[in-house]
Amino acid sequence: MGTQTTDSMTKGMQALVAMETNAARLSEVAVQLLTAHAAGLPELLAVRAEATQDRPHLALQPKTPDDARLWARALGMDVKVTVEDGGEDQLLERAAVEFTVDGVLVRLAACRWYSADQWAERIAEAVAA
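Residues numbered from 1 in each chain as written. Predicted model: local features only at pLDDT ≥ 70, side-chain atom pairs only at ≥ 80, totals over all residues. Heavy atoms only, no water.

Undergrad: Explain the pairing of strand β5 (residues 104–115) here, please?
TA: Consecutive side chains along a regular strand alternate between the two faces of the sheet. Two strands pair when backbone bridges link them, and strand β2 (residues 56–62) and β5 are joined in this way by four bridges, in the parallel orientation. By the bridge assignment for β5, L60 is matched with L108. Direction of pairing for strand β4 (residues 90–101) relative to β5: antiparallel, over a ladder of twelve bridges. In the sheet register, R94 faces β5, and the bridge partner there is C111. Hairpin connection, β4 to β5: the antiparallel pair is bridged by two residues, and D102 has positive phi, about 50 degrees. (Pairing = 2+ DSSP bridges. Helix = DSSP H or I, 4+ residues; strand = E, 2+ residues; numbered from the N terminus.)

Structure below.
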C-alpha cells in the first residue's frame, strides 16, 4: 500500500511541476504577444489562459471578425472566415486562426450574428468599396 501512495504522490507532483512550467511559458507568450502587438489594435473582448500538465493554451477574443482580421494581420497570420446558417434567418460569421508560439497553442477567434438583411447590406458595402 505504501508503494501505491508514493507512486500516486510522485505522479501528482510531476503533474504539478509540468502545469507550473506550462503556466510560466503561457505567461511569457501572452505578455510577448500583447505587448508587441496590442498598440493600435482593437481592444480584446477576452484573454483566456489555460495551463494543464499536458499543454498551455491562450485564447484571444477580439470583439468582431473584422477585429480578428486586424489582430491576425498584426501577428502575421491569416484567419479562416466562415459564414454559417445560424437558424431563424440569421447568419453567423466566424473568423479564427490557431498557431503555436514557443509550445503554446494560441487561438484567435471572434464571431458575429447577422440577420439576412444585415448580411446583404454588408456584402453590398464590400462590393461597393
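So that's the structure; there's more coming.
Undergrad: Would you explain the packing of aromatic side chains in this entry?
TA: In this description, an aromatic ring pair is defined by two values, namely the gap between the centres and the angle between the planes. Evaluated as defined, the whole model comprises one aromatic pair. Ring centres of Y114 and W119 lie 5.2 Å apart, and the angle between their planes is 70 degrees; on these two criteria the pair is classed as edge-to-face. Both residues of the pair, Y114 and W119, count as buried. (Phe/Tyr/Trp six-rings, centres within 6.5 Å; stacked < 30°, edge-to-face > 60°. Buried < 20%, exposed > 50% of the residue type's maximum accessible area, 1.4 Å probe, protein only.)

Undergrad: Got a minute to help me understand the side chain of E93 in this structure?
TA: With respect to the helices and strands, the residue E93 is situated in strand β4. Looking at E93, its side chain comes within polar contact range of the side chain of R69, at 2.8 Å. Excluding its chain neighbours within four sequence positions, the residues that come into contact with E93 are P65, R69, V81, T82, V83, A110, C111, R112, Y114, W119 and R122. (Polar contact = N/O pair within 3.5 Å; in protein donor to acceptor, adjacent residues only side chain to side chain. Contact = heavy atoms within 4.5 Å.)

Undergrad: Sorry if this is basic, but what is going on with the pairing of strand β1 (residues 44–51) here?
TA: In this structure, β1 lies alongside β2, joined through seven bridges in antiparallel fashion. Directly across from L44, in β2, lies its bridge partner P62. Between β1 and β2, which pair antiparallel and follow one another directly, the connecting turn spans four residues.

Undergrad: When you look at the confidence of the model for the chain in this model, what are you seeing that I'm missing?
TA: Parts of the prediction with low pLDDT should not have their coordinates interpreted in detail. Within the chain, residue pLDDT values average 89, and 96% of them lie at 70 or more. Highest mean pLDDT in the chain belongs to β2 (96); lowest belongs to helix α3 (residues 116–128) (84). (pLDDT = per-residue confidence, 0-100.)

Undergrad: Please clarify how unusual backbone geometry should be interpreted in this entry.
TA: Most peptide bonds adopt trans geometry, and most residues besides glycine take a negative phi value. Phi is positive for D102, which is not a glycine, with a value near 50 degrees. Here D102 is to be found in the loop between β4 and β5. For D102, a relative accessible area of 54% translates into the label exposed.

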